[in-house]
Amino acid sequence: MLFAATGLSGAVAVDAAYRLRALGLPVDLPPDPLTAHLAAELLPEPSVCLAISHSGATRSTVDTARRARAAGARVVAITSYASSPLAEESTWVLVGGGQDLVFGMEAVASRLAHLTIIFAARCTGAGR
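Residues numbered from 1 in each chain as written. Predicted model: local features only at pLDDT ≥ 70, side-chain atom pairs only at ≥ 80, totals over all residues. Heavy atoms only, no water.

Peer 1: Help me out: how do you make sense of the pattern of salt bridges in this one?
Peer 2: Opposite charge on two side chains permits them to pair, given that their charged atoms come into close proximity. For the coordinates displayed, the defined rule picks out four salt bridges. Residue aspartate 63 is joined to arginine 66 by a salt bridge in which the shortest nitrogen-to-oxygen separation is 2.7 Å. Pair noted here: aspartate 63 and arginine 66 are both in helix H3 (residues 59-70), with a separation of three residues, about one helical turn. Since its relative accessible area comes to 19%, aspartate 63 is described here as buried. By relative accessible area, arginine 66 is classed as partly exposed at 37%. (Salt bridge = Lys/Arg side-chain N within 4 Å of Asp/Glu carboxyl O. Helix = DSSP H or I, 4+ residues; strand = E, 2+ residues; numbered from the N terminus. Buried < 20%, exposed > 50% of the residue type's maximum accessible area, 1.4 Å probe, protein only.)

Structure representation (structure tokens):
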């Protein structure tokens with residue numbers, strides 16, 4: 001499984017990668033966007049790319065998802081916006097977050113919602 005996330009969403013990806021690795025799943029969390037692009041292009045068809053972005057518009061994350069999809073992988077997006085470039089590039093979209101709060105707080109709230117999605121998926125065994 002390839003993870004794609006940048007900026008504050010990167011912390012969510014690190015947590016998700018840790019949890020799935022602890023379950024024994026092979027995960028790849030490239031350290032930078034260019035390496036993520038290369039990894040996405042080399043994914044075999046049955047692979048999954050988990051792309052995380054609050055806005056769903058972070059260019060490097062969307063580009064990684066697009067490349068993974070072109071390689072034949074399935075793309076799962078975790079975002080706060082169902083209508084976003086990332087959602088358009090994804091096989092499945094998990095939307096977590098609500099209306100924008102006070103400026104700057106929506107990013108914090110979305111990270112909590114995205115972490116909750118990861119935790120719920122782990123608890124239900126969805127990562128297996």
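Back to the write-up after that little detour.
Peer 1: When you look at the pairing of strand E3 (residues 74-79) in this model, what are you seeing that I'm missing?
Peer 2: The two faces of the sheet receive side chains in turn, since in a regular strand these alternate between them. Along E3, five of the six residues are buried, which leaves the element largely enclosed by surrounding structure. Strand direction decides the pairing type here: strand E2 (residues 48-53) and E3, joined by six bridges, are parallel. Each residue of the ladder has a partner; that of leucine 50, found in E3, is valine 76. Between E2 and its parallel partner E3, the chain crosses via H3, and the hand of that crossover is right-handed. Here four bridges tie E3 to strand E4 (residues 92-95), and the two strands are oriented parallel to one another. Across the sheet, alanine 77 pairs through a bridge with valine 93, a residue of E4. (Pairing = 2+ DSSP bridges. Right-handed = clockwise from strand over helix to strand, strands pointing away.)

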